[in-house]
Amino acid sequence: MMLKQLKRHPIYFGLIALLVILAILFNLSFSKTEGFLLLNGFHTTLLDQFFSYYTFLGDGVFSIIVVIGLFLFKRYRKASTLLLAFLSSSLAAQLLKRLFHLPRPKMYFEANAFQYPHFIEGITLHNSNSFPSGHTTSAFALATVLVLTFKKEKIAWPCLIGASLVAYSRIYLAQHFLQDTIAGALIGTLFGMLSYYCVKQKRMRLPFKRIYKLAKSGQLLSKLYGFSTKKQPLIQEENHTAL
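Residues numbered from 1 in each chain as written. Predicted model: local features only at pLDDT ≥ 70, side-chain atom pairs only at ≥ 80, totals over all residues. Heavy atoms only, no water.

Draft legend 1. Geometry of the packing of helix H8 (residues 134-150) against helix H10 (residues 178-200). Two numbers describe how H8 lies on H10: the axes approach to 7 Å, and their chain directions differ by 35°. For the pair H8 and H10, the sense of crossing is right-handed. Contacts from Thr136, Thr137, Phe140, Ala141, Thr144, Val145, Leu148 and Thr149 of H8 reach H10 at Thr181, Gly184, Ala185, Ile187, Gly188, Thr189, Gly192, Met193 and Tyr196. Split into classes, the residues belonging to the contact of H8 with H10 amount to eight nonpolar, nine polar and no charged. (Axes fitted to C-alpha atoms, helices over the stretch in contact; angles between N-to-C directions. Helix = DSSP H or I, 4+ residues; strand = E, 2+ residues; numbered from the N terminus. Left-handed = near helix turned anticlockwise from the far one by under 90°. Contact = heavy atoms within 4.5 Å. Nonpolar A, V, L, I, M, F, W, Y, C, P; charged D, E, K, R; others polar.)

Draft legend 2. Main features of helix H4 (residues 45-54). Turning to H4, its buried residues number three or more, namely Asp48, Phe51, Ser52 and Tyr54. In the core, the buried residues of H4 are packed alongside helix H9 (156-172). (Buried < 20%, exposed > 50% of the residue type's maximum accessible area, 1.4 Å probe, protein only.)

Draft legend 3. Examining the nonpolar core more closely. Counting 28 residues, the largest nonpolar core has Tyr12, Ile16, Phe36 and Phe140 as its most contacted members. Mapped by element, the contributors of at least two residues to this core are helix H2 (10-29), H8, H9 and H10. Top contributing element to this core by residue count: H9, with seven residues. Other than its neighbours up to four places away in sequence, Phe36 contacts Pro105, Phe109, Tyr116, Ile171, Ala174, His176 and Phe177. With 10 residues, the next largest nonpolar core counts Leu70, Ala85, Phe86 and Ala141 among its residues. (Core = buried A, V, L, I, M, F, W, Y, C linked by side-chain atoms within 4.5 Å.)

The following block contains the structure:
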């Protein structure tokens, strides 16, 4: 099943593999600081504003919004797959963050007495739990699910470019190093594929369709809180005349 997914979308998965290989070679060629500076050598006010907003496409809130949108348009299997991918990949990323507990660029540079000149005003910088990048994980989980569920090769490029820009935004904003985003991309892609497999094989599917039907029929509240929302017939009293 997993191999079939790779064969059906050679452009998307092939380019991800290529980007990961190039990124690993880049990491092996330069030190952590040198590589970060090479990737962050060009800053403008316009790019600062663009990436400050664009990075939120990797936020979990955005993935949930997409899930809700798919649910409202009755794409229940797609919504189930994306929510499962988001939850599982986020859990994996958070566990790894706590396991490795690596410093983020700000703390790393401070520990090495290096003055980085491109910290962006207005961006809240975190200190720890750098590896892996959670935003990149969510972005690639979303991109992978969209490519697999919509089954249209023409969306492979936009999804890959969109997720890759989220990954680069984390470096540009000095929130992560390149290796953090590589790991995030791999985790997001892997759990996106696994979630698609689970839902496709009916091993795990969230009850979106049933929830929608209950909400539409007005029975959702009764299921949640134990009371009926149906109108009760009025009891008409019979008037008896005294004999």
